[in-house]
Amino acid sequence: MNSRSDLVETLRAARAVMSENEAAYKAYIKARDDANTAFCLYSNRFGLRDALAAQKEADADSSDAMPVTFDHA
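Conventions adopted
- Residues numbered from 1 in each chain as written.
- Predicted model: local features only at pLDDT ≥ 70, side-chain atom pairs only at ≥ 80, totals over all residues.
- Heavy atoms only, no water.
- Phe/Tyr/Trp six-rings, centres within 6.5 Å; stacked < 30°, edge-to-face > 60°.
- Helix = DSSP H or I, 4+ residues; strand = E, 2+ residues; numbered from the N terminus.
- Salt bridge = Lys/Arg side-chain N within 4 Å of Asp/Glu carboxyl O.
- Buried < 20%, exposed > 50% of the residue type's maximum accessible area, 1.4 Å probe, protein only.
- Contact = heavy atoms within 4.5 Å.

Would you take a moment to explain the packing of aromatic side chains for this structure?
Any two aromatic rings considered together are summarised by their centre-to-centre distance and by the angle between their planes. Within this structure, the stated rule accounts for two aromatic pairs. Seen from their ring centres, Tyr25 and Tyr28 are 6.5 Å apart, and the 35° between their planes marks the pair as tilted. Taken together, the residues Tyr25 and Tyr28, both in helix 2 (residues 22-46) and three residues apart, mark about one turn of the helix. Pairing Tyr42 with Phe46 gives two aromatic rings, centres 4.6 Å apart and planes at 40°, and the pair type is tilted.

Structure, rendered in C-alpha cells:
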C-alpha cells in the first residue's frame, strides 16, 4: 500500500467480492458445520480411527473437490 486511496480502493474491492460471495460463503460454513457434526457423531459411535478412514475415503472419491477440514478435538 502506497497511499490511503490505495487502501480504500482495496477495501472497497474486497467488500464487493465478499458481498457477491456471501451466499456461497454461508453455504460453505453450513456444509463445514454439518460435516463436523457428522464426523463427531460418527467418531463418538464408531471410533476416531474409523471416522478418519471414512474422511480419507470421501476425500479420495472427489480429487477435484476441496477436502473437508476441521478440528478433530
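Even after reading the chapter, I still don't get the pattern of salt bridges, so can you show me in this structure?
Close approach of charged atoms lets side chains of opposite charge pair. Overall, the coordinates contain three salt bridges when judged by the stated rule. Ionic pairing is found between Lys30 and Asp34, a salt bridge with its closest N-O pair at 2.8 Å. One end of the pair, Lys30, and the other, Asp34, are both in helix 2, four residues apart, so they sit about a helical turn from each other. You can call Lys30 exposed: its relative accessible area is 52%. Judged by relative accessible area, which is 41%, Asp34 ranks as partly exposed. Measuring nitrogen to oxygen at the nearest pair gives 3.3 Å for the salt bridge that ties Arg32 to Asp33. We classify Arg32 as partly exposed; its relative accessible area is 31%.

Would you mind going over the side chain of Ser43 with me for this structure?
Turning to its location among the elements, Ser43 is positioned in helix 2. In this structure Ser43 comes out as buried when scored by relative accessible area, which is 14%. Filtering out sequence-adjacent residues up to four positions away, Ser43 remains in contact with Leu48 and Ala51.

Everything listed here is a matter of coordinates, which is why it stays silent on function.
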